[in-house]
Structures are given as structure tokens and as C-alpha cells.
Amino acid sequence: MTDDGPVDVLVVGDLNPDLLVRGDDLRPRWGQAERDAEMALTLGGSGGICAAGLARIGLRTELCATVGDDALGDVSLRMLDDHGVRRDAIRRVAGGRTGTSVHLLERADRAIYTERGAMVAVTADDALGRLDPAPRHVHLAAVFLLPAIAADGARIVAAARAAGATVSVDTNFDPEDRFVAPAWLTHVDVLLPNEAEVVRLSGRDGRATDDATVEAAARELAADGAVVVVKRGAAGAFAIDDGRRIDVGVAPTSAPVVDAVGAGDSFDGGYVRALLDGRSTPEALRLASAAGTLSTRAAGGTAGQATLAEASALAARVPA
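Residues numbered from 1 in each chain as written. Predicted model: local features only at pLDDT ≥ 70, side-chain atom pairs only at ≥ 80, totals over all residues. Heavy atoms only, no water.

Quick notes on the packing of aromatic side chains
Overall, the coordinates contain two aromatic pairs when judged by the stated rule. With a centroid separation of 5.6 Å and 75 degrees between ring planes, the pair formed by F144 and F179 is classed as edge-to-face. With F144 in the loop between β8 (137-141) and α4 (147-162) and F179 in the loop between β9 (166-170) and β10 (190-191), the pair connects residues that are 35 residues apart, well separated along the chain. Plain terms: the ring middles of F173 and F179 are 5.1 Å apart, the flat faces sit at 85 degrees to each other, and that makes the pair edge-to-face. With relative accessibility at 48%, the residue F173 sits in the partly exposed group. Taking relative accessible area as the criterion, F179 reaches 3% and is therefore assigned buried. A network of ring pairs unites the aromatic residues F144, F173 and F179 as a single cluster. The ring of F238 is capped by R245, whose NZ or CZ atom sits 4.1 Å from the centre of that ring. (Phe/Tyr/Trp six-rings, centres within 6.5 Å; stacked < 30°, edge-to-face > 60°. Helix = DSSP H or I, 4+ residues; strand = E, 2+ residues; numbered from the N terminus. Buried < 20%, exposed > 50% of the residue type's maximum accessible area, 1.4 Å probe, protein only. Lys NZ or Arg CZ within 6 Å of the ring centre and 35° of its normal.)

Description of the nonpolar core
Judged by nonpolar contacts, the single largest core of 40 residues is most densely connected at V12, V138, L140, V169, W184, V198 and V228. When residues no more than four places from it in sequence are discounted, the contact partners of L140 are V12, I156, S168, V169, D170 and W184. With 24 residues, the next largest nonpolar core counts V229, A239, V248 and Y271 among its residues. (Core = buried A, V, L, I, M, F, W, Y, C linked by side-chain atoms within 4.5 Å. Contact = heavy atoms within 4.5 Å.)

A short note on the pairing of strand β6 (residues 100-106)
In terms of strand pairing, strand β2 (residues 16-22) meets β6 through five bridges, oriented parallel. Note on β6: the bridge partner recorded for R22 is L105. Both β6 and strand β7 (residues 109-115) contribute to a ladder of seven bridges, which runs antiparallel. Along β7, the bridge assignment pairs S101 with T114. In textbook terms, the turn of a hairpin is the stretch between consecutive antiparallel strands, and for β6 and β7 this stretch comprises two residues, one of which, R107, has a positive phi near 55 degrees. (Pairing = 2+ DSSP bridges.)

Some words on the pairing of strand β5 (residues 90-93)
Alignment of strand β4 (residues 61-68) against β5, held across four bridges, turns out to be parallel. Bridging across to β5, A65 finds its partner in I90. In this region the chain leaves β4, passes through helix α2 (residues 71-82) and returns to the parallel neighbour β5; the handedness of that crossover is right-handed. (Right-handed = clockwise from strand over helix to strand, strands pointing away.)

A look at the packing of helix α8 (residues 281-294) against helix α9 (residues 308-315)
Helix-helix packing: each pair is described by the crossing angle between the helix axes and the interaxial distance. The contact between α8 and α9 brings their axes to 8 Å, and the two run at 115 degrees. By the criterion of interaxial angle, the relationship of α8 to α9 is roughly perpendicular. α8 and α9 meet at a crossing whose hand is right-handed. Judged by residue contacts, R286, L287, A290, A291, T293 and L294 of α8 engage L308, E310, A311, S312, L314 and A315 from α9. Across the contact of α8 with α9, the residue classes tally to eight nonpolar, two polar and two charged. (Axes fitted to C-alpha atoms, helices over the stretch in contact; angles between N-to-C directions. Parallel < 35°, antiparallel > 145°, perpendicular 65-115°, else oblique. Left-handed = near helix turned anticlockwise from the far one by under 90°. Nonpolar A, V, L, I, M, F, W, Y, C, P; charged D, E, K, R; others polar.)

Observations regarding the side chain of T61
In this fold, T61 is placed in strand β4. Polar contacts involving the side chain of T61 include one to the main-chain carbonyl oxygen of L59, which spans 2.9 Å. Setting aside chain neighbours within four positions, we find T61 in contact with V7, V9, V11, A51, L54, A55, V85 and R86. (Polar contact = N/O pair within 3.5 Å; in protein donor to acceptor, adjacent residues only side chain to side chain.)

Regarding the environment of G203
Assignment of secondary structure puts G203 in the loop between α5 (195-201) and α6 (211-221). With relative accessibility at 67%, the residue G203 sits in the exposed group. Separated by 29 residues in sequence, G203 and R232 have C-alpha atoms that sit 19 Å apart.

A few points about the pattern of salt bridges
In this structure the tally under the stated criterion is 28 salt bridges. Note that E220 is salt-bridged to R204, the shortest N-O span being 2.7 Å. Taken together, the positions of E220 in helix α6 and R204 in the loop between α5 and α6 put the pair 16 residues apart, joining distant regions of the chain. By relative accessible area, which is 25% here, R204 ends up partly exposed. Look at the salt bridges and you will find they share partners, linking E195, D211, E215, R219, R232, R245 and D247 into a network. (Salt bridge = Lys/Arg side-chain N within 4 Å of Asp/Glu carboxyl O.)

Re the sheet that holds strand β11 (residues 227-231)
If you trace the nine strands from one edge of the open sheet to the other, you get β5-β4-β1-β8-β9-β10-β11-β12-β13, paired in mixed fashion. The open sheet has two edge strands with one neighbour each: β5 and β13 (244-248). Bridging between β11 and strand β12 (residues 237-241) involves four bridges; their strand directions are antiparallel. By the bridge assignment for β12, V229 is matched with A239.

Considerations on α6
Residues that lie three or four places apart on an α-helix share one face, since the helix turns once every 3.6 residues. Looking at α6, one finds that the buried residues are T213, V214, A217, A218 and L221. One side of α6 holds all its buried residues, which, seen down the axis, span an arc of 130 degrees. Taken together, the buried residues of α6 touch β10, α5, β11 and β12. (Arc of directions from axis to C-beta.)

Given below as C-alpha cells:
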């Protein structure tokens with residue numbers, strides 16, 4: 001989808017295809033042993049999934065990312081078109097290999113292998129070039145996968161703020177398992193980690209995810225003024241907003257959970273939609289919880305994503 005005027009949200013992040021591999025037992029059996037598995041290729045990358053969710057929930061959305069000039073890059077761009085995401089800010093890296101993630105989905109758990117490939121080439125300058133005309137909001141995704149964004153994100157935050165845009169960040173998991181928070185991270189409007197990520201970002205041992213530890217970590221990250229929203233999966237979510245803790249649960253649905261790939265990214269999209277609509281933090285948490293829940297009703301990160309009407313209907317049933 002090409003440029004046709006200002007957008008509501010600019011997402012800066014990763015873009016790649018996701019290969020979903022599903023089975024009862026996905027442990028490898030060496031010695032050229034061949035086994036059956038169910039597989040599907042879907043739109044992936046936290047940036048890609050979040051952008052698709054934002055478009056699905058009714059916001060004009062553009063993704064700033066980098067892919068290779070290979071066949072997987074072509075596939076990624078076609079998938080963005082299919083989801084109504086503008087891709088004028090996608091830069092193709094000559095001779096580069098498009099990143100790919102393999103998700104091994106087994107019962108209630110999963111493992112992920114990612115080749116970063118060309119996704120690491122995205123820079124702050126790529127994003128800064130898309131701030132005129134200014135979007136209403138800038139969302140930074142998968143910061144730990146994108147070294148130039150982690151190192152230079154302060155420039156994006158400052159330019160977005162100067163242009164009148166709000167800013168949110170979802171760092172996602174650090175594949176190097178270091179979780180060194182960039183100095184600019186807590187100076188955004190909204191920070192959107194899960195329980196393990198918020199603990200690690202605060203410098204604590206990630207094995208401690210009891211409620212008191214998670215809340216203390218969130219409060220530390222909120223000290224510079226950001227609203228810190230902690231995603232807790234089936235336990236719901238909570239936010240630290242101006243010193244207050246606000247909790248929501250998860251509304252029950254009739255649809256079974258197929259998988260949770262990208263549910264956190266869809267949650268982010270719901271929260272941003274509520275933020276731009278001027279909703280209160282409790283209302284934003286409910287809409288985000290609903291968007292994340294509904295995304296689990298189909299395989300992959302995007303097939304089950306919610307429209308605004310669907311998310312709003314379920315949000316009305318999200319318990320406080």
C-alpha cells in the first residue's frame with residue numbers, strides 16, 4: 001500500500017515472515033529422521049504484527065523497517081499490503097537476506113528461532129524521514145533486535161515529541177539475555193513490557209516474577225513519567241499511571257485459544273487505539289486486553305486480530 005496522506009501511527013520495528021510449526025512433540029530426532037508437522041507462513045516480526053493490528057483496529061498505519069531484496073522480502077511486502085499497512089517506509093537492503101522467525105508451537109508453550117538478517121539495518125534516520133507530515137503516534141517495537149534503534153532511539157523520541165506525536169515502546173525479549181535498558185526508554189509516554197521483561201529491564205533477576213517484584217519493577221520504570229503497562233497473559237494486565245496501579249483481567253470468549261503468537265503486539269495495538277481516542281487508562285487496558293485475547297483465536301499473529309467493534313464489545317466484559 002502506497003502513501004496517500006498522513007498516517008495515525010508510524011511503527012518502527014522488525015518485519016519478517018513467521019514460519020509456524022505445530023505438533024505434539026517437536027523435539028528433533030537426529031539421523032535424518034523425518035516426521036509430520038503442521039506448518040504455515042504468516043506475517044511476522046513484532047513491528048509487522050503490531051502494524052497489522054493497528055490497521056485492523058481502524059488506524060492509518062505505516063511500518064518503517066528493512067528487508068532484503070530477496071523472495072522473502074517480496075512475501076513480506078505482499079503480506080503488509082494484504083493487511084492494509086502502508087509500506088513506503090520499508091527500505092530494501094541490496095544483497096540482504098530478509099529475517100525469518102521459526103515458531104515451534106507445542107501444547108501451551110513455544111520456542112522461537114530468529115535470523116535477524118536485514119531487519120538490523122533499520123536506523124533512526126529511516127524513521128525520522130517519516131515524521132513530516134507527522135503521525136499522531138510513534139510505536140517502537142522489538143528494540144533489542146534492532147541495535148541502531150536501541151542506540152539512537154532518543155532522536156526518534158525527541159523528534160516525535162517535537163512534532164506533537166505520542167510515543168510507545170515494546171522492547172520484546174532480548175535474545176542476548178542482557179536487557180540493558182537504553183537511557184531514553186523510560187522517557188516515552190507508554191512502555192509495554194510483559195512480566196519477565198519489566199523485571200529484567202529494572203535490573204532484577206528475571207526468575208522472580210511474583211506480583212510484588214513485578215509491581216516494584218514497574219514503579220521504578222515509571223519514575224520518569226511513562227505509563228508502564230505490564231502484560232500478564234491469561235492473568236490480564238496492570239498499569240502504573242502517575243503512581244496508581246490499575247488492574248484488569250481477561251474476558252472469557254467462546255473461541256478456543258489456537259496460539260498466542262503476537263498476542264502482546266495486538267495488545268499494544270489496542271492500547272494505542274484507546275490512547276489516540278482519548279480514553280482513560282482503565283479503558284485503554286480493557287480495549288488492549290480484548291485485542292490481545294481475540295488475536296489468539298487463529299494461528300499466527302494476524303489472522304485473528306480484532307476490528308474496533310469486536311474489541312470494544314469484548315472490552316465491555318473485561319473485569320477490573
